[in-house]
Protein chains: 2
Amino acid sequence: MNTPREHRTPENSLILITTAMGVGMHLGAWRYRTGEASDYLDLEFYKHIARSAERGVLHGLFLADTLALSEENLERPNLGALDPIVVLSALASVTDRLGLVATSSTTFNEPFNLARRFSALDHLSGGRAGFNVVTTFVPDVAANFGASDLPQHDNRYARAEEAMDVITALWHSWGQDALIGDKTSGVFADREQVRPINHAGQHFSVRGPLTLPRTRQGRPVVFQAGASETGRQLAARTADAVFTVQNTRSAASEFRADLRRRAEGFGRHPDSVKVLPGLVPVIGRTREEARARKLALDELSADAELRKLALRVGVPVDALDLDKPLPVDLIRANPSFNASHGFRDAVVRLAVEENLTVREVLYRNGGGHAQVVGTPDDVADLIIDWYRNGAVDGFNLMIDVLPDGLDDFVDLVVPRLQDHGVFRTSYQGTTFRDDLGLSPVLQTVS
Amino acid sequence: MNTPREHRTPENSLILITTAMGVGMHLGAWRYRTGEASDYLDLEFYKHIARSAERGVLHGLFLADTLALSEENLERPNLGALDPIVVLSALASVTDRLGLVATSSTTFNEPFNLARRFSALDHLSGGRAGFNVVTTFVPDVAANFGASDLPQHDNRYARAEEAMDVITALWHSWGQDALIGDKTSGVFADREQVRPINHAGQHFSVRGPLTLPRTRQGRPVVFQAGASETGRQLAARTADAVFTVQNTRSAASEFRADLRRRAEGFGRHPDSVKVLPGLVPVIGRTREEARARKLALDELSADAELRKLALRVGVPVDALDLDKPLPVDLIRANPSFNASHGFRDAVVRLAVEENLTVREVLYRNGGGHAQVVGTPDDVADLIIDWYRNGAVDGFNLMIDVLPDGLDDFVDLVVPRLQDHGVFRTSYQGTTFRDDLGLSPVLQTVS
């Protein structure tokens, strides 16, 4: 059974990961910022973000993955347009300690390729790779992969679960000390420690072993974001960390408690699954400055935020009236809903609990995720409040405008979190897994 | 119709690409060199190679891809063990002009993923990506991808051909000026220039468009290495450059002439396909030093080179006797041969033309490719001779021991090639495509 590492106190173990979505999470970001619209294709843009994150001692940089170009993607830089494994591999060369978390779909990639690709990033980065496992809920994607329709929700998860079994077995197909490399005797590997996995299942048949030895951190850190019943079960069984959409502290607390219970049900220590809700900080030196920033961003994105909300909750955009309550009954009555349950449930809960209009919903959640529009103290206060009350292990920061919103967070919010003793001042251990406070991977031959 | 670029004279247009295979092409490299056996997993090792290549004004760095671990891979660092797209993405950050050529298999990857992944590397590197298209001939691979057997040779090529049609169409699915990015008006893209490809074929059904705009060089440079009839046809129709196995100048001349004729048959200018045989230089300051280096390497790899040769020609290892002629009749009589025709044909031709024993074959070809064991002048002389006689457009250097063999080539051979006026002293144009002397990609909307 796992136990927390000694070098970490519960006090300063807050986890902070930042996401780079397009040129910022806000749909108006590309028009608001000073750089070029094409910066989302430019390595220098990503280098700036990675270096800022490392300056702020953030745990990791997370990138999404988009496998289709929809109509909205022609209105602004497409979130996840670039293959994230390519971007994060490029950043491995210019960072030393930052965790590098790439999203990939188990629905549209072969598990052998996924296992090898993430192992390669883990080797080259010296044990800093993370794999955010998704099953892909965007219907347009299927048409790029020869399928007329996406597999249904439960089928996607059954495939994902089996894929993770295959991938994990491949990552462990070389024992801890299998690479000997004795140049004098000429013994390169201990054959007894390198074994085929001989997986033959419902969706996959994979012999193995992997082409690569075990990595410094044992295997890449596994992230997930499923909120449905099957998604939570998969996360509780196989994930080291979970991205989630939570708009209230109470909802976050319930989610975390539920996931920790489920993890225990699978024989895992509850601390072995870190829960990280998304958070959109919109920062100003004063509240007025923050509100002005938000307003300017909103004006530059017209009704784009509204259409995004409609997509997230699965209703036509004209079913949403800015000054009326969110049509919760209509949303709940959709029998063919096949998108992310996490986004939908979080926004419905927020609207119901606080009886919000559509306009208020848009103000309080940044395209789905919790949002704070305020001063560095306002942002720090929310983080500290949720963290100290056990609602979260940390946050996944969805920065409104990149890179300056991240620089503001690093320069203005991080020092406050450090002053309050909830956030560390230096990286911990030698790998991403260490740094997240996760226990070492069991070091026996599989 | 394409025409050569003005900035390039035929005199100094020799193309040089270097390959990083494991820690060197020679099977004894890992025991011979000074570094650790695990260096093939270390980013610093690849950074050294990339920087040396750029110091030598080499056109590109090429990496192979190995999708299975065979028994021999436990005897030394596995060539192509790391996913090459990961390694080359990491190197994009630390190089400025070097072309980055990654191998990927169209048999075991979806064309949409391939198109997007290589486009991403092309964007981040500023137009320096190359895609070496392979169909995968190693039977062990199939077992890692749910298939009990590899598709037969012609089926693999039919799939590859259709995959390249899909990938090329996706690369061109955004017109040259589709990304507008006008922050004032809010017009991000010209919708008229972004079109689905709506491909519906024998092997693939892909709607598109790609998630990414066109890259600076129009699309990644396409490499191929097929030597069979179907392989040559695919290369002549779709490749910008061809890696090939040629052990004699006359064979190289014939191959190049054949490929240029075929390209013309597809309506292409013959200069639009560059022919690059592999070359293994084993360099010493004197011939004695070079021979001693080769001998030491051979002694450190025992009979590994012999087993590799047996695999390449498709006969059991005990059918090869070091002091007897290569059993050409037995090799030719194998009806179930399903590996690389290029390697087999090249070695058979060398053995027949010069009536070589197996031992002599091993000395003259480095695991398949042409080999020079000698002084920097010996290496330069062969390169100049083949190049000036029109047998090649350049070479793919298969360095015996990395990184020192590459440093020797860069420091000792490159200056001689420059002195003779066959090799340039600086990078040309702004992209990999420019630098190779290839014509710009046609800039119309597809």
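Values in this document were obtained by computation on a predicted structure and should not be read as measured data.

A word on the overall build of chain A. When helices and strands are tallied, chain A shows 16 helices and 14 strands. Relative to the 2.2 N^0.38 estimate, which gives 22 Å for 446 residues, the radius of gyration of chain A is 21 Å and therefore close to what a compact globule would have. With the principal axes as the frame, chain A shows a C-alpha extent of 75 × 50 × 45 Å. In chain A, once contacts between residues fewer than 6 apart in sequence are set aside, the share between residues at least 24 apart is 77%.

Membership of the largest hydrophobic core comes to 190 residues, with the highest contact counts inside it found for L91, F409 and L417 of chain A together with L91, F409 and L417 of chain B. Sequence-distant contacts of F409 of chain A, defined by excluding residues within four places in its chain, comprise L16, L58, P281, I283, V379, I383, L397, I399, V414 and L417 of chain A.

A separate point is the relation of the copies chain A and chain B. Mapping chain A onto chain B calls for a screw motion: a turn of 180 degrees about the axis and a shift of 0.0 Å along it, with 0.0 Å RMSD after fitting. Taken together, the turn and the small shift mark the pair as related by a two-fold rotation axis. No C-alpha of chain A approaches the rotation axis more nearly than that of A90 of chain A, which lies at 1.9 Å. Comparing contact sets, 100% of the residues at the interface of chain A also lie at the interface in chain B, consistent with an isologous, same-surface contact.

Counted according to the given criterion, the structure contains 22 aromatic pairs over all chains. Ring plane angle 85 degrees and centroid distance 6.4 Å describe the contact between F131 of chain B and W171 of chain B, whose orientation is recorded as edge-to-face. Taken together, the residues span a long stretch of sequence, with F131 of chain B in strand 4 (residues 129-134) and W171 of chain B in helix 6 (residues 153-171) at a distance of 40 residues. Residue W171 of chain B is classed as buried on the basis of its relative accessible area, which comes to 4%. One aromatic cluster in this structure is built from F62, F223, F243 and F432 of chain A. Over the ring of F343 of chain B we find R312 of chain B, and its NZ or CZ is 3.6 Å from the ring centre. The side chain of R344 of chain B reaches across the aromatic face of F337 of chain B, ending 4.1 Å from its centre.

On to the side chain of N73 of chain A, then. Positionally, N73 of chain A belongs in the loop between strand 2 (60-63) and helix 3 (84-92). Among the polar contacts made by the side chain of N73 of chain A, one reaches the side chain of N78 of chain A at a distance of 3.4 Å.

Residues and elements named next belong to chain A. UniProt marks D65, T103, H153, Y157 and S228 with the feature "binding site: FMN" (unreviewed entry), using the numbering shown here. If you trace the backbone, H153 turns up in helix 6 (residues 153-171). Excluding its chain neighbours within four sequence positions, the residues that come into contact with H153 are S228, T230, N338 and H341. Among the secondary structure elements, Y157 is positioned in helix 6.

Attention shifts here to the pairing of strand 3 (residues 99-105) of chain B. All names here are of chain B. Burial analysis of strand 3 places seven of its seven residues in the buried class, the great majority of the element. Burial along strand 3 is two-sided: the face carrying G99, V101, T103 and S105 and the face carrying L100, A102 and S104 are both buried. Relative to strand 3, strand 2 (residues 60-63) runs parallel, the two being bridged by four bridges. Pairing of G60 across the sheet is with G99, part of strand 3. Between the parallel elements strand 2 and strand 3, the chain passes through helix 3 (residues 84-92) in a crossover that is right-handed. Bridge analysis of strand 3 against strand 4 gives six bridges, and the strand direction is parallel. Within strand 4, the residue paired with S105 across the bridge is V134.

So, about the environment of L259 of chain A. Here L259 of chain A lies in helix 8 (residues 249-265). A sequence separation of 169 residues divides L259 of chain A from Q428 of chain A, and the C-alpha atoms of the two residues are 25 Å apart.

Attention now moves to helix 14 (residues 376-388) of chain A. Residues and elements named next belong to chain A. For helix 14, which comprises 13 residues, the first-to-last C-alpha distance of 18 Å matches the rise-based estimate of 18 Å (1.5 Å per residue) to within 8%. Within helix 14 the residues assigned to the buried category are P376, D378, V379, A380, I383, I384, W386 and Y387. Following helix 14 by one or two positions, G390 has its phi on the positive side, about 70 degrees.

Before going further, it helps to spend a moment on the interface of chain A and chain B. Listed as interface residues are 77 residues of chain A and, on the opposing side, 77 residues of chain B. Taking both partners together, chain A and chain B bury about 6200 Å²; carbon and sulfur atoms supply 58% of that area. For chain A, the biggest contributors to the area lost against chain B are L124, K183 and F188 of chain A; these three give 13% of the whole. Note that E71 of chain A is salt-bridged to R191 of chain B, the shortest N-O span being 2.3 Å. Residue assignment for the side of chain A that touches chain B shows that the elements contributing at least two residues are helix 1 (29-32), helix 2 (43-55), helix 3, helix 4 (111-124), strand 5 (179-182), strand 6 (187-189) and strand 8 (205-206) of chain A.

For the rest of this paragraph, the subject is unusual backbone geometry. Residue and element names in this part refer to chain A. Cis geometry is found at the peptide bond from L402 to P403, where omega equals 0 degrees. Mapping P403 onto the fold places it in the loop between strand 14 (394-398) and helix 15 (404-419). In this structure, N198 takes a positive phi of about 45 degrees despite not being glycine. Turning to its location among the elements, N198 is positioned in the loop between strand 6 and strand 7 (199-200). Positioned with a positive phi, N355 is a non-glycine residue whose angle comes to about 50 degrees. Of note, N355 is situated in the loop between helix 12 (341-354) and helix 13 (358-364).

The axes of two packed helices give the description: the angle between them and the distance between them. Residue and element names in this part refer to chain A. Their axes nearest at 9 Å, the elements helix 2 and helix 15 cross at an angle of 10 degrees. The angle between the axes of helix 2 and helix 15 places the two elements in the roughly parallel class. At the point where helix 2 passes helix 15, the crossing takes the left-handed sense. Across from H48, I49, S52, A53 and R55 in helix 2, the residues of helix 15 making contact are L406, D407, V410 and D411. Each residue belonging to the contact of helix 2 with helix 15 can be placed in one class, and the counts come to four nonpolar, two polar and three charged.

About the thresholds
Per-chain numbering applies: the sequence of each chain, read as written, is numbered from 1 onward. Each chain gets a letter, beginning with A, and each ligand a number, beginning with 1, in the order they are written. Thresholds applied to this predicted model are a pLDDT of at least 70 for local features of residues and 80 or more for the giving and counting of side-chain atom pairs; totals over whole chains, interfaces and linings are not thresholded and use all residues. Derived side-chain values reflect all non-hydrogen atoms in the structure, with water molecules and hydrogen atoms excluded from consideration. To qualify as a helix, a DSSP run of H or I must reach at least 4 residues; to qualify as a strand, a run of E must reach at least 2; elements of each kind are numbered from the N terminus. The reference for a compact globule is 2.2 Å times residues^0.38; the radius of gyration itself is calculated from the C-alpha atoms. We call two residues in contact whenever any of their non-hydrogen atoms come within 4.5 Å of each other. For the purposes of this section, nonpolar cores are sets of buried Ala, Val, Leu, Ile, Met, Phe, Trp, Tyr and Cys residues that join through side-chain atoms within 4.5 Å. Only protein chains enter the calculation, and the probe is 1.4 Å; a residue is then buried if its accessible area is under 20% of its type maximum, exposed if over 50%, and partly exposed in between. The copies are overlaid by a least-squares fit using only the C-alpha atoms of residues whose pLDDT is at least 70 in both copies. The criterion for an aromatic pair is that two Phe, Tyr or Trp rings (for Trp, the six-membered ring) have centres within 6.5 Å, with stacked assigned to planes under 30 degrees apart, edge-to-face to planes over 60 apart and tilted to the rest. Either the NZ atom of lysine or the CZ atom of arginine qualifies as a charge over a ring when it sits within 6 Å of the ring centre and within 35 degrees of the ring normal. Polar contacts, as used here, are pairs of N or O atoms within 3.5 Å; protein pairs need one atom able to donate a hydrogen and one able to accept it. Residues neighboring in sequence count only if both atoms are side-chain atoms. UniProt positions are given in the numbering used here, feature names are shortened, and annotations may be inferred rather than shown by experiment. Only strands that DSSP links by at least two bridges are regarded as paired with each other. Crossover handedness is defined by viewing with both strands directed away from the observer: a clockwise path from the first strand over the helix to the second marks the crossover as right-handed. Under the convention used throughout, the expected extent of a helix is 1.5 Å for every residue step, that is, one less than its residue count. Note on definitions: buried area is the accessible-area loss of two parts on being combined, 1.4 Å probe, summed for both. Salt-bridge detection follows one rule: a side-chain nitrogen of Lys or Arg within 4 Å of a carboxyl oxygen of Asp or Glu. Orientation is described by lines fitted to C-alpha atoms, with helices fitted over the stretch in contact, and by angles between N-to-C directions that extend from 0 to 180 degrees. Oblique is the label for any angle not under 35 degrees, not over 145, and not in the 65 to 115 range, which are roughly parallel, roughly antiparallel and roughly perpendicular in turn. Definitions for this section: a left-handed crossing has its near helix turned counterclockwise from the far helix by less than a right angle. A right-handed crossing has that turn clockwise. When residues are grouped by polarity, Ala, Val, Leu, Ile, Met, Phe, Trp, Tyr, Cys and Pro land in nonpolar, Asp, Glu, Lys and Arg in charged, and all others, Gly among them, in polar.

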